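What follows is the residue order along each chain.
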Amino acid sequence: MTTRYPFALIKEKLAARRGAALDFAIGQRRIGLPESIDSWIRANAVLAMKPAGQAEIEAFTEAATDLLRREYGADIAADRILPTPGGRAAMSAFVASILEPGDEVLVTEPGYPSFARLATHRHANLHEAVLDPEHGFAPDLGSALDRDAAPLRVIALNYPNNPTGATLTPETIELLRRVTGTGTIVFNDATYGPLVYDHQPTSLLNENISGDSQIELVELHSFSKLFPIGPIAVSFLAGSEKTMRSVSNYSEFAWSPLSSLQVQATTLCLHDSARLQELREFFPIQLAQLRQTLTDIGFEPYPSPSGIYSICPVPAHIGGKAVTTGAEAAEHLMDDFDLAVVAWDTPQHSYLRFSSLYQPGDLERLAGLRERLQLDWPFPSGSAVHPATVKGNLCWHDRLSGTRFRYCAKRK
Ligand SMILES: Cc1ncc(COP(=O)(O)O)c(C=O)c1O
């Protein structure tokens, strides 16, 4: 398995350009730590050399249960929380301890790539549920649940979603209630959990959502985007006591103990509700300005009701050159415009993702590319909404008639 982590490749390309490229892929803007946590870490740096003790782990799990109650109204006992060294490490341990070769796993597309990759390494059988741009990026779970094949072992979701910004809808929750297969775990990656802008953040663990369903729910809460305390920031998994114990048993073989510094610093972060509120105010402004600039230069961004990204369908032409996939468009933007974005291609749809972690001044530089970009769509500007690439054809709704009538044009 040789495919690289897409973000590592983009970082290499950006580094080769030595700061000359405009980074809307990952974004250069650093969200600093809250001042009090930053100075606590500096004053206690020596704790990086000491493993966390039991009392510190207990304080962490208490803080995690408080956060789940405060932010999501979910009542989860402390023995159902497992501290983990970062989101990807948490997913690796979960996948390694839960999946057997040949297990059936459902992931969504487009999606953050780690879970699918880790499950592939575990020799699971992967199935993809498309996030449908015409239905607010709801996953097409119906066909996956109605299949006659072996029951799914894991349904891996990511709400709030990267890259689409979609949040969990009542329809999706209703579909999940239909999962009755014994032994199915619904895994939700809630890395962007608190960053929801149009309603209260939701957690699958909240019993209002999970109801009396017999399925097991496991949720990942990772704070690398909210409290950047370094490459091995503590995150946590929350799930049944039994599953948390298996992941924990596995982790004793797989990880060194977490440091006292990591655990104590993250406990401070978990208590800091003011920071979450601050970010819920910061990102919508960043996103609105980004989406305005993208619209001004000719992109057609989808709404961004959560998270930190804006995604757009791939236009037909960029700078006079025909492009069909996100990968092709992103490469052209990097090579000929020094503009870094992330491509997301699925068999049905192609997107470009722009990060709202841009530096002051980056939006003006992006706007300055308008003339050269000459983004081109096969419909008159302003007449269409939500274009999407469907099986190589460009499709869109008619804005003027307001109908769901869909036009399609073969890409040249
Ligand atoms: C949806 C999602 N999950 C997990 C991660 C990785 O989290 P961590 O940096 O804690 O490994 C990211 C990072 O971008 C992400 O977007």
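About the thresholds
Residues numbered from 1 in each chain as written. Predicted model: local features only at pLDDT ≥ 70, side-chain atom pairs only at ≥ 80, totals over all residues. Helix = DSSP H or I, 4+ residues; strand = E, 2+ residues; numbered from the N terminus. Buried ≥ 20, exposed ≤ 12 C-beta atoms within 10 Å, placed from the backbone. Contact = placed C-beta atoms within 7 Å. Near = placed C-beta within 6 Å. Nonpolar A, V, L, I, M, F, W, Y, C, P; charged D, E, K, R; others polar. Pairing = 2+ DSSP bridges. Axes fitted to C-alpha atoms, helices over the stretch in contact; angles between N-to-C directions. Core = buried A, V, L, I, M, F, W, Y, C linked by C-beta atoms within 7 Å. Right-handed = clockwise from strand over helix to strand, strands pointing away. Parallel < 35°, antiparallel > 145°, perpendicular 65-115°, else oblique.

Novice: Looking at this model, I keep getting lost on the overall build of the protein chain. Mind explaining?
Specialist: Each helix and strand in the protein chain was counted, giving 14 helices and 18 strands. Here the protein chain holds 412 residues, and the buried ones make up 44% of them. A fraction of 69% describes how many contacts in the protein chain between residues 6 or more apart in sequence connect residues 24 or more apart.

Novice: Can you help me understand the site of the ligand in this one?
Specialist: The environment of the ligand is formed by Gly86, Gly87, Arg88, Tyr112, Asn158, Asn162, Asp189, Thr191, Ser222, Ser224 and Ser235. Its residues placed into classes, the shell around the ligand shows one nonpolar, eight polar and two charged.

Novice: Mind showing me how you'd approach the sheet that holds strand S10 (residues 309-313) here?
Specialist: With antiparallel pairing, three strands are arranged side by side in an open sheet as S10-S15-S14. Of all the strands in the sheet, just S10 and strand S14 (342-345) have a single pairing partner and so form its edges. Each adjacent strand pair in this sheet contributes to an overall mean axis angle of 30°, direction not counted. Sheet topology note: the S10/strand S15 (residues 350-355) ladder contains five bridges and is antiparallel. Bridge pairing links isoleucine 311 to arginine 353 in S15. Lying over the sheet, helix H11 (residues 273-296) contacts S10 and S15, oriented at roughly 20° with respect to S10. Set on the sheet, helix H12 (residues 326-337) makes contact with S14 and S15; between it and S14 the angle comes to about 165°.

Novice: Would you mind going over the sheet that holds strand S5 (residues 138-139) with me for this structure?
Specialist: Whenever strands of a sheet pair, they do so through backbone hydrogen bonds, lying parallel or antiparallel. Strand order in the open sheet formed by eight strands is S2-S9-S8-S7-S6-S3-S4-S5, and the pairing between neighbours is mixed. Two strands bound the open sheet, and with one partner strand each, they are strand S2 (81-84) and S5. Alignment of strand S7 (residues 185-189) against strand S8 (residues 216-222), held across five bridges, turns out to be parallel. From the neighbouring strand, isoleucine 185 faces S8, where its bridge partner is glutamate 216. Helix H4 (residues 87-98) contacts S2, strand S6 (152-157), S7, S8 and strand S9 (235-238) of the sheet and is inclined by roughly 155° relative to S8.

Novice: Looking at this structure, I do not really get the nonpolar core. What am I missing?
Specialist: Proteins that are soluble and globular tend to have nonpolar side chains buried together. One finds Phe94, Val105, Val154, Ala156, Phe187 and Leu237 to be the most contacted residues of the largest nonpolar core, which totals 63 residues. For valine 105, the residues in contact, after removing those within four places along its chain, are Leu99, Ala119, Ala124, Asn125, Leu126, His127, Leu152, Arg153, Val154 and Ala156. Counting residues in hydrophobic clusters, the runner-up holds 40 residues, among them Phe24, Val323, Val342 and Tyr351.

Novice: Looking at this model, I keep getting lost on the environment of alanine 238. Mind explaining?
Specialist: Assignment of secondary structure puts alanine 238 in strand S9. With 26 C-beta atoms counted inside 10 Å, the residue alanine 238 sits in the buried group. Considered as a pair, alanine 238 and leucine 205 are 33 residues apart in the sequence and their alpha carbons are 8.3 Å apart. Discounting residues that sit within four places of it in the chain, alanine 238 has contacts with Leu68, Ile76, Arg80, Ile81, Leu205, Glu219 and His221.

Novice: When you look at the pairing of strand S4 (residues 125-132) in this model, what are you seeing that I'm missing?
Specialist: The side chains of a regular strand alternate, residue by residue, between the two faces of the sheet. By the bridge criterion, six bridges tie strand S3 (residues 104-109) to S4 in an arrangement that is parallel. Considered in S4, the bridge of glutamate 109 is made with valine 130. Taken together, S3, helix H5 (residues 114-121) and S4 form a β-α-β motif whose crossover is right-handed. Pairing of S4 with S5 involves two bridges; the strand directions are antiparallel. Bridge pairing in S5 places leucine 131 opposite proline 139. What sits between S4 and S5 in their antiparallel hairpin is a turn of five residues, with glycine 136 showing a positive phi close to 60°.

Novice: Please clarify how the environment of alanine 330 should be interpreted in this entry.
Specialist: Tracing the backbone through its elements, the reader meets alanine 330 in helix H12. Sequence separation between alanine 330 and alanine 343 is 13 residues; the distance between their C-alpha atoms is 5.9 Å. If near-sequence neighbours (up to four positions away) are discounted, alanine 330 is found in contact with Val341, Val342, Ala343 and Leu352.

Novice: Quick question: what am I supposed to make of the packing of H4 against helix H9 (residues 241-254) here?
Specialist: At a minimum axis separation of 9 Å, H4 and H9 run at an interaxial angle of 105°. Our classification of the angle between H4 and H9 gives roughly perpendicular. Across the interface between the two elements, Ala93, Phe94, Ala96, Ser97 and Ile98 of H4 pack against Thr243, Ser246, Val247, Tyr250, Ser251 and Ala254 of H9. Grouping the amino acids of the contact of H4 with H9 by side-chain chemistry returns seven nonpolar, four polar and no charged.

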